[in-house]
Structures are given as C-alpha cells and as structure tokens.
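Geometric and topological summary
Residue-level listing of the chains:
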Amino acid sequence: MKRVQLEIVLGTIFVLLSAAIVIILGIREPQRLADYVLQQRGRQIEFGAAVFQNNCTECHGSQGQGITGIAPSLRDEHFFTERLDEIGWGSTLEDYIVSVVTTGRQVSTRPQYVGGGTPAMPTWSERFGGPLRDDQIRAVAAFIMNFEQYALGQLPTPVPIGPIVDESTPEGRGQALFTQAGCVACHTIQGISTATVGPALDGLANRAGSIVSGMSAEEYIHESIVDPNAHIVSGYSPDVMPQNFAEILTEEQINDLVAFLMDRTQ
Amino acid sequence: MTFINNILKRLNYTQLPPRGEWKAFIFKLIDERVRIITAGLNLRELRAIMRGDPPTEKPNPRYKVITTSFVAHLRPRYYPQAATWFTHTFRLGFFVTFFFVVEVITGIVLMAYYVPYPDQAYGSVLAIESNVFFGELMRDIHRLGAEAMVAFSWLHLLRTYFTGSYKGPRSFTWLTGVILLAITAWLSFTGYLLPWDQLSYWAVTVGTSITESGPIVGPTLNLVMRGAPDIGAGGLLRFYLQHVILFPLLAILFISIHYYKVSREHSISLPAVVEELELPPDKKKEYNRRIDLIPDLLSHEIFLIALGTFVMLVILYFRLFHSPLETHANPQNTPLDTKAPWYFWWLQGILKIDPANILENLLNPILQPLLGLFGIEFTLELSKLLDSKFIMGLIVPPVLVVILAFLPYIDKNPSRLSSKRPFAIAWGISWIFIMLALSYMGLPEYGIETPAATRVIQDLAPEEGEGPLREIPYAELEHAHGVYTVGEDYGRDLCPGLAYQPDHDKPDEVVIGCPHLTAVFNQFSERLRVAEEDGRLPDLVARIVVEQFQPGMVRVTPQVEWSDPETGEAKAYEHTYFLHENRVLGSH
C-alpha cells in the first residue's frame, strides 16, 4: 500500500472514530448538564457555608440557630413556613434571603432583637458598601435554604460537636458559653471574635478590679453581665447589651463566664 | 422554451444541442462550472487526482490552481522530497497552525456566551459548563488547543534551531517566528484572565506587577494594562479585547508573513545532510523530486487534521485533560500557592533569583579580608542599588528574547550540519536544561517557606482544587462523625462498623470501613509527628473533627495546636471544610 493510500484509510478511520466520540458525548451531554447543575448547587452550598461562617455566625450563631437577644434563628420551622406571609413577600424564600442580606434592614422588623431594633441587619452587598459580592450572597442563601429538612423536622437535627473546649473546668465551659450565649457577637476576644460593638474583653481581668472602687474584678464582671447598664465604659452607649442574661443563664453559667474572662489576662 | 433559452443565453450558449448530443452537452456544462469553482481543475482532472494518476493536460492544471485561487496561492506548488521527511519537520509548524484554527473556531463559539465583566464573567463560564450543549467540550478544546499551541511553538523553535534552518535566507523567517512565539504566549496569557477565578486573577496580578518595577513608564504601563491600580472591570475588558481582537489579528498577520516566506520564497529547508553533503546523483535526484501540493501535500495535511482532531477528542473523552475552574476571583484573598501557567514557570523562576544577594555573597568574602588589610571595615550592600524584580523581570527576559530573535545574525557559522556546529548544539541543549531548571524554581514548592501546620493542612486540602481530604467519598464522611486525635487514633480503621457501596450501579462492590478517611488521617498524623520530632511543632495537639452540618453536608475541621519553638507562646491553626454530597457527580 502506498503512503497516500494508507493515509486515506487511516484518515477515514480517524474521522469516523472522532464522529463516534462526538456522538457518544452528545448522547451523554443532557445527563452531564443535569449532573453539573446539581454539583454546582452542592458546591454553592459549601461556598455559602464558608461565607456564612466568616460573616454571619457572630449574630446568627455558629449553626444559624440564632442568638437570643441578638438575631433570629435561620433554621426553625417558623422561618421556613411563616416568615414570608408575616413580612408579605411575594417571591421565594431564597430570593427573600438574598434581598435582606443584600440591602440589610434600616429598621428591624422584630425589635425584640438587639437593643430595640438598632443596629438591625447591616447591608452586605458590595453595591451598598458591604463586603460581599452578589454570588457570595446567593451562595449564603443556598446554604440557608439547605437547612429546610432540619427546620421542618423531616430529618433529625444532629448534635454539633462545636468548638473543642475542656468542659471539665469552669474556664472551658465559660469559653463554650461565650460563643453559645452570643457574647462573640459584640466583644473582641483574641482567637474567638473580632467584633467591636462592645468593649474588647482581652485583659479585662487585669483592669476590672480597679474600675469601680470597692468591687473586685470578679464582682465587676458578674455585675456587667447581669446588669449591663450599671457601669458603661466611656465611648459606649447604654441599652445596647441585652439586659436579660440573668434570666437566660443560670448562676453557675454566669460564674463559668466570669471564670473564663478572668482567665484571659493577656 | 423561451425561458430555457434565456437561461442558456446567460450561460453563453445560444442554442440547444441536437438530439443525441445532450449527454456531452450537459457534461460540458457541468465541467465548466467545476473548473470555475476549483480555479482550474475540470472533472477529468479531479478524477485523476483522486486516482493518483498523472495530470491529464499540459501545462499542469494543478499548478494553475495555485496561480488563480486566492486561498491556494498562499500554498507552495511543491516541496522537494527531502524537505517533507517526517523526521526533519515533525509537522510541528503545521500543528501550531492547526491549533490556531481550532482556537479561532472554539473561541468564536465561546464568545457567544462569555461576558467580559467581573460580576458576570465567572458566572458566564459556569453557565457555559452547565447550561450550554457541548459548552464544556468547547472550553476544554479551547484550553487544550491553547496549551498545545504554546508547546508546539516551542518544539517548532527547537526543531528549527537544531536543524540550523534559521540560517542564510531564512533569517527573517526566524525573526517572525520568534515574534509569533511571543504573540502565542501573550494570547495564552490574556486568555488566562478571562474565567475570572482565583487562578487567573492572581496569575495575571502577579504577571502584570512585574511591569510596575520599571523605571519612569513602569507604573504607567502597569496602569494601562490593568485599567486601574488593581485589575477590575477595565483590566478584564482590556485583556478580553487583546485576546479576541488585537492579538488574533496580529497572529494572522505574522502567520501570513511567516508562512509566505516558507511556502513561496524559500520553501521548507532541506535537511542539512541533503543540502551540504556530496551525494550520489540518483539519490540527489530523488531527494529533490517534486512533491506536489495537489494531491500529495494536501492529502497528507487532511490526514494530519483528522489525526489531530481525533487525538484531542480522545484526550478529552478519557478526561486526561480538563480545563480548570477555581473559585471566584477574590482580590482580598491571595491564595497560598500562586502559580503561573506552566509555560511561564521559567519566568517565575527567574524572578526568585536575587542578583544583588548573589553578588554580595560572592564578593563580600573576597572584599572584606582584602579591605581588612588596610583597616577598612566594609560590607558590600547591593540590594538597595539593584532592584531584583526590575532586573530579573524587566531586563533579563527581554534581553533573552532579543538574543533569540537575532540569533541568525549572531550565529555566523554557515554550515547547518550538526557535526560542524558542536558549540551551537551544546548551547541549545544546555538552554533546554536551564529552562527546565528555571521552571522548577518557578514552582511554589521551591524557595517559599510555609509554616508547618499550614503546609500539612494545605497539602491535604489545597485552597484551590481537590486534594485527598476533599476526595474522601461522602459515603464515608456521613457515617464517620467524631473527633480523631493524633496519637490516639493513628493506625486503626477509623470506622470499623461501616460498609458502603462506592458505585450504585455495581451492587457487588462493597467497601468496608473508611479507607480514604483513615488514609488522610494517617497522613495528617505522620506529617505532624515528623514536624513535632524535628522541633517545629513542640507540644503538639492535633485532631480532625468530622460533623454533620446540614442535610447532605459535613464539616471537616483539621485542628493543630502547638507552642512556638522560640517564644513558647501557644499557637493554633485550623481550617474548616464543608463537603456536600453532590460535590462530585458524574465525570467530575
């Protein structure tokens, strides 16, 4: 066989095989597209979880469960079944979440949270001076929507392991409480929170004893938790910190918190 | 009848043929049209071409095509037989052109869907992959073709160098070739930014920042390229326009010049052994025998096109190549390992060389004792005088390119035989090794120190891409909730009670335990233990926490705590990974 003839034969075979590959890929294509959409949704939820963890947990809790007195739960039945009617929203819940996160709220719709409704949900979209891109906000909404089966009780809610702290000591329990009770939302503690709504609490143990004369450091911290307005650090306003920690927390829990804060001497 | 006569009149026939001559008449009619369409070939000639017969008329009508047709006039009439040896050219230049055409075709398809705006670019690429029939295939072919085009350009350059084909009359062809190499690299680089993911954003940010160190015009040039101090909407649009208009046009222009020189002026070079050695007359005659464009070269090229297309499709069918798409570009978050595209690793490697430091280390041990004899204490400090980014980024690479471009005017050796140019051959081979070494130095693994704990976790689950931790099947993770502590759980199967089916279509296949998770945990333990033993992570406490976070999604958190080896301060590093069950579906 001459080279030209060999090339014609091989070339024809290549063309036929190429056509076969394209046909096979074409047959698989609708399934691939469908899979890709699902996969993309999965990755969007993952991405949303990471964005949520970095931006939303300080007020809405590490698992979106809400923090009493600060911000509502995003995973309870009420949120998934009644919230849209309550607010009079005509579109989907996911769009509602996107809308609220994007623009934030000028006035809280539920003044039972955060000092009578201000500050309410801040704006998050870059378009209005916030830190997030639109695709990040969409991802957060996808992530919150994924709580639906837990919220409606279709799946049992697992017990989160949470931050690993030594629960056998008062300091360890106090550290866990610091997150669970929502202190992280407003107070800076190195390695735990960077919020600046309230005073930073690192090294409080060193100065607490000398703020109000006649009061030990422990007494001062204890009083500041159960009756925040008793002494307001200069530069901060009264009535911002929730007044009801004495009702929410047991005496033992408050003492754990005090122990934890007394332990942060740096 | 008047109607038919009118048509015939238009075709320059005034009357119908007599009965019995109709067949010949129609044949003639068709034949003339065919001759017009093929620019000179009639039906008999076409048949002779197909059958491999010699030309049917004189002068050879197959050459006439080349003088009359615009497209064919770009082509040579023939090449000497020896110039078409496969081992002489390896068809590298042909394949570069082939890939360029592939890029143009797939690029036009992609342009129909792509939006060159930061808010939407990434989403439009996702839409191409998830919502366009064959969209992923088009993008993969475009990416594969781009990388192949760069690779084949380099190989083509090497071939031309080692066969000495740049010499004599082909000097200018070589110069246009080097320009084309630069155009190809720039086309590839501008396309790199368009998906607007972390990979592209940071590769281009790092790349354009090189110009910033230039004197006087440097910052302005950087601003012109980026469209703003940072790459944003303006920069993306500028790169897009360069990618789809400016540089394709330049490429077409220079390919035309380059190819015209080869095809119509100097032909492909003969192998040096044929050109320069005394050969017996019959061999010489055979080697110079004409291989005509029609049919031999053309049929060979069609064969190569079929081969190239087939190979690309096979590569994509078996997923040996897949165009990457990382997470959305984030100007606030520099990824730990930024990596340029592989054909720029050498440049990244050059940038890691600090000439001031090298000179200081070389000269100071000599200078200091010398000056010490005269009682002068002196330490040479060049780092303030020599800006390494400027020298290694803006001076050295352009100088290298200029040397490359003017090689034919530097290399005065008239012979093309490799035995008569040993220095040039050795020089070429050493540059291959220099480029490979520089490319290796360009990798993020080289010369960049990352804290031990961060490195271990980053290697298990890199910020971008997958890595062993993310490749743990969800079926293992959803039943493996718990805290696995380094030093306590090492070596055992972490979930002894578990059995799952990795593939629902194969019910016979069952995996016992969680081998993937166990392997990742063991690797985590071993690497941390090594770091603890050599003193980088004293008082090590480390664990991996696996917990169900949402329906269909787990959270995996590797945590490391240690004391700083110098200050004794307590340190901790952890990273959370959310893994959804649908993250890997189908062929992804």
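If you're wondering where the values come from, they're calculated on a predicted model, not measured in any experiment.

About the criteria used
Residues numbered from 1 in each chain as written. Chains lettered and ligands numbered in written order. Predicted model: local features only at pLDDT ≥ 70, side-chain atom pairs only at ≥ 80, totals over all residues. Heavy atoms only, no water. Helix = DSSP H or I, 4+ residues; strand = E, 2+ residues; numbered from the N terminus. Rg over C-alpha atoms; globule rule 2.2 N^0.38 Å. Buried < 20%, exposed > 50% of the residue type's maximum accessible area, 1.4 Å probe, protein only. Contact = heavy atoms within 4.5 Å. Domains from an automatic or database assignment. Phe/Tyr/Trp six-rings, centres within 6.5 Å; stacked < 30°, edge-to-face > 60°. Lys NZ or Arg CZ within 6 Å of the ring centre and 35° of its normal. Buried area = accessible area lost by both parts, 1.4 Å probe. Salt bridge = Lys/Arg side-chain N within 4 Å of Asp/Glu carboxyl O. Polar contact = N/O pair within 3.5 Å; in protein donor to acceptor, adjacent residues only side chain to side chain. Patch = residues over 30% accessible without salt bridge, like charges linked within 9 Å, V, L, I, M, F, W, Y side chains within 5 Å. Areas by Shrake-Rupley, 256 points an atom, 1.4 Å probe, with all protein chains shown as cover. Lys, Arg positive; Asp, Glu negative; His and termini not counted. Charge placed at Lys NZ, Arg CZ, Asp CG, Glu CD.

What about the overall build of chain A?
- A count of helices and strands for chain A gives 13 helices and zero strands.
- Listing the helices and strands of chain A from first to last along the sequence gives α-α-α-α-α-α-α-α-α-α-α-α-α.
- In terms of C-alpha radius of gyration, chain A reaches 27 Å, well past the compact-globule figure of 18 Å for 266 residues.
- The C-alpha extent of chain A, read off along each of the three principal axes, is 110 × 45 × 40 Å.
- Classification of the 266 residues of chain A by burial places 43% in the buried group.
- Pairs at least 24 residues apart make up 50% of the contacts formed inside chain A by residues separated by at least 6 positions.

Examining the overall build of chain B
- Of regular secondary structure, chain B possesses 25 helices and nine strands.
- The C-alpha radius of gyration computed for chain B amounts to 32 Å, which surpasses the reference 25 Å derived for 588 residues by more than 25%, pointing to a less compact arrangement than a globule.
- With respect to the three principal axes, the spread of C-alpha positions in chain B is 110 × 80 × 50 Å.
- When each of the 588 residues of chain B is scored for burial, the buried share is 47%.

With respect to the domain arrangement of chain A
- Segmenting chain A into domains produces domain 1 (55-151) and domain 2 (170-263).
- Each of domain 1 of chain A and domain 2 of chain A has a C-alpha centre, and these two points are 27 Å apart.

Focus on the packing of aromatic side chains
Residue and element names in this part refer to chain B.
- On inspection of all chains with the given rule, the structure shows 38 aromatic pairs over all chains.
- With centroids separated by 6.5 Å and ring planes inclined at 45°, the aromatic side chains of Tyr63 and Tyr78 adopt a geometry described as tilted. Of the two residues, Tyr63 is situated in helix α4 (residues 61-68) and Tyr78 in strand β1 (residues 78-80); the sequence distance between them amounts to 15 residues.
- For Tyr63, a relative accessible area of 16% translates into the label buried.
- A centroid spacing of 5.7 Å and a plane angle of 75° characterise the contact between Phe86 and Phe90, whose relative ring orientation is edge-to-face.
- The ring centre of Tyr161 lies 5.6 Å from the NZ or CZ of Arg421, which sits over that ring.

Points about the domain arrangement of chain B
Residue and element names in this part refer to chain B.
- Assigned domains within chain B: domain 1 (2-73), domain 2 (80-344 + 402-439) and domain 3 (461-583).
- One C-alpha centre belongs to domain 1, the other to domain 2; they are set 41 Å apart.
- Each partner contributes to the interface: domain 1 provides seven residues, whereas domain 2 provides seven residues.
- Both faces considered, domain 1 and domain 2 share a buried interface measuring about 660 Å² in area, 59% of it formed by carbon and sulfur atoms.
- For domain 1, the biggest contributors to the area lost against domain 2 are Arg62, Tyr63 and His73; these three give 56% of the whole.
- The interface formed by domain 1 and domain 2 includes zero salt bridges.
- Summed over the shared surface of domain 1 and domain 2, the result is two residue pairs in polar contact (both at pLDDT 80 or more).

Considerations on the pattern of salt bridges
Residues and elements named next belong to chain B.
- Tallying each qualifying case throughout the model produces 30 salt bridges over all chains.
- The residue Arg51 makes a salt bridge to Asp53 at a minimum N-O spacing of 3.3 Å.
- Residue Arg51 is classed as exposed on the basis of its relative accessible area of 56%.
- In this structure, Asp564 engages Lys571 in a salt bridge whose closest nitrogen and oxygen atoms are separated by 3.7 Å.

Notes on the environment of Leu157 of chain B
All names here are of chain B.
- On the secondary structure map, Leu157 appears in helix α9 (residues 135-162).
- Among the residues examined, Leu157 registers a relative accessible area of 12% and is labelled buried.
- Along the chain, Leu157 and Asp564 lie 407 residues apart, while their C-alpha atoms are 52 Å from each other.
- Residues in contact with Leu157, not counting those within four places in the same chain, are Trp174, Leu181 and Leu404.

Some remarks on a negative patch on the surface
All names here are of chain A.
- On the surface, a cluster of negative charge is made up of Asp76, Glu77, Glu82 and Asp85.
- Positionally, Asp85 belongs in helix α4 (residues 83-87).
- For Asp85, a relative accessible area of 66% corresponds to the exposed category.

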